[in-house]
Amino acid sequence: MYSDVKDRLAAPFPSQRVQWRAQSFSRDRSSALMVAYVDARTVMDRLDDVCPDGWSFDVEFLPAAVPVARGRLSVLGLSRSDVGEAGEGEAATFKAAASDALKRCAVHFGVGRYLYDLPRVWVAWSEERRAPLEELRLPEWALPDDERSSGAPHVLGALETLRGELPRDVQQLREVYRHLRGALEAAGRAE
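Computed from a predicted structure; not experimentally measured. (Residues numbered from 1 in each chain as written. Predicted model: local features only at pLDDT ≥ 70, side-chain atom pairs only at ≥ 80, totals over all residues. Heavy atoms only, no water.)

Moving on to the sheet that holds strand S2 (residues 31-37). Through backbone hydrogen bonds, the strands of a sheet pair up, either in parallel or in antiparallel fashion. Spatial ordering of the open sheet is given by S1-S2-S6-S7, a layout of four strands whose pairing is antiparallel. In the strand order of this sheet, the two ends are held by strand S1 (19-25) and strand S7 (131-132), each with one partner. Inspection of the sheet shows S1 paired to S2 by six bridges, in the antiparallel sense. Bridging from a neighbouring strand, Ala22 pairs with Met34 of S2. (Pairing = 2+ DSSP bridges. Helix = DSSP H or I, 4+ residues; strand = E, 2+ residues; numbered from the N terminus.)

The antiparallel open sheet is built from three strands, whose spatial order is S3-S4-S5. Lying at the two open borders of the sheet, with one neighbouring strand each, are strand S3 (55-62) and strand S5 (78-85). On average, each strand axis in the sheet is inclined to that of its neighbour by 20°, with strand direction left out of account. Bridge analysis of strand S4 (residues 68-75) against S5 gives eight bridges, and the strand direction is antiparallel. Bridging across to S5, Val75 finds its partner in Leu78. Of the strands in this sheet, S3, S4 and S5 are in contact with helix H3 (residues 94-107), which crosses S5 at around 140°. (Axes fitted to C-alpha atoms, helices over the stretch in contact; angles between N-to-C directions. Contact = heavy atoms within 4.5 Å.)

Let's shift gears to the layout of surface pockets. One number sums up the size of the largest pocket: a volume of about 1300 Å³. As for the largest pocket, its lining consists of 42 residues, of which Arg21, Val35, Tyr37, Asp100 and Lys103 are closest to the centre. For the lining of the largest pocket, the secondary-structure elements that each account for two or more residues are S1, S2, helix H2 (40-50), H3, strand S6 (121-126) and helix H5 (170-190). Broken down by element, the residue count for the lining of the largest pocket peaks at seven residues, all from H3. Split into classes, the residues belonging to the lining of the largest pocket amount to 23 nonpolar, six polar and 13 charged. (1 Å grid on protein atoms, 1.4 Å probe; cavity = no way out; pocket = protein on both sides within 12 Å on 5 of 7 lines; lining within 4 Å. Points joined across faces, edges and corners; volume = space filled by probe spheres on them. Nonpolar A, V, L, I, M, F, W, Y, C, P; charged D, E, K, R; others polar.)

Glancing now at the side chain of Thr42. For Thr42, the location among the structural elements is in helix H2. There is a polar contact of 2.8 Å between the side chain of Thr42 and the side chain of Arg17. Once you skip the residues sitting within four places of it in the chain, Thr42 turns out to touch Phe13 and Arg17. (Polar contact = N/O pair within 3.5 Å; in protein donor to acceptor, adjacent residues only side chain to side chain.)

Before going further, it helps to spend a moment on unusual backbone geometry. Of note in the backbone geometry, Leu76 takes a positive phi value of approximately 50° without being a glycine. Mapped onto the fold, Leu76 is located in the loop between S4 and S5. The exposure class assigned to Leu76 is partly exposed, which follows from its relative accessible area of 27%. (Buried < 20%, exposed > 50% of the residue type's maximum accessible area, 1.4 Å probe, protein only.)

Our focus in this paragraph is the confidence of the model for the protein. A residue-level look at the protein finds 85% of positions with pLDDT of 70 or above and a mean pLDDT of 86. The secondary structure element of the protein with the lowest average pLDDT is helix H4 (residues 153-162), at 55, and the one with the highest is H2, at 97. (pLDDT = per-residue confidence, 0-100.)

The interhelical angle for the contact between H2 and H3, taken along N-to-C directions, is 45°, at an axis separation of 9 Å. When the axes of H2 and H3 are compared, the pair comes out oblique. For the pair H2 and H3, the crossing hand works out as left-handed. Side by side, H2 and H3 meet where Ala40, Val43 and Met44 of the first sit next to Ser99, Leu102, Lys103 and Ala106 of the second. (Parallel < 35°, antiparallel > 145°, perpendicular 65-115°, else oblique. Left-handed = near helix turned anticlockwise from the far one by under 90°.)

In this section: the packing of aromatic side chains. Scanning the entire structure with this criterion turns up two aromatic pairs. Geometrically, the ring pair formed by Phe25 and Trp125 is edge-to-face, given 5.1 Å between the ring centres and 65° between the ring planes. On the criterion of sequence distance, the pair formed by Phe25 in strand S1 and Trp125 in strand S6 is long-range, its members being 100 residues apart. A residue is classified by how much of its surface remains accessible, and Trp125, at 9% relative accessible area, is buried. Over the ring of Phe25 we find Arg29, and its NZ or CZ is 3.8 Å from the ring centre. Directly above the ring of Phe13 sits Arg46, whose terminal nitrogen or CZ lies 4.1 Å from the centroid. (Phe/Tyr/Trp six-rings, centres within 6.5 Å; stacked < 30°, edge-to-face > 60°. Lys NZ or Arg CZ within 6 Å of the ring centre and 35° of its normal.)

So, in structure tokens, the structure goes:
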């Protein structure tokens, strides 16, 4: 029964449900490394949409300097566990730790896992606005089918990036491979 819902759990989220946050900054804070994520409510909505009566989540708080939670997510009889941490300062709440644990557990079921395959994006940063200076967009392969362009421009874009010299760094080569694989899979589904 789980195999029937696996692809639906792992499907890309609508782009308006994907958020971005700065993971790190340049020394002068003029640029930021942005990462995409979804919030816990979006994860719960996905679980409710795919298997409304087939999931449950339990959480246990662990002793630590900042709130830490061990979560256990069960989906259609399968269970996965992971640990979530709260942020720092005002974000250091038990709720934040529990939400992080839920999201981490859900990734074990494929929910939002594709977000980890997105390329690392450095953008110009406005410290005054505490936001990027440009709007961030998901690559074509990371969009749901109804938001993708017709045809396969994402595959052509991926091939165009390969026209130049391939990176020598193994991690960068893995990223190129993941993106190319994602684009080719998306093109195959579109046909």
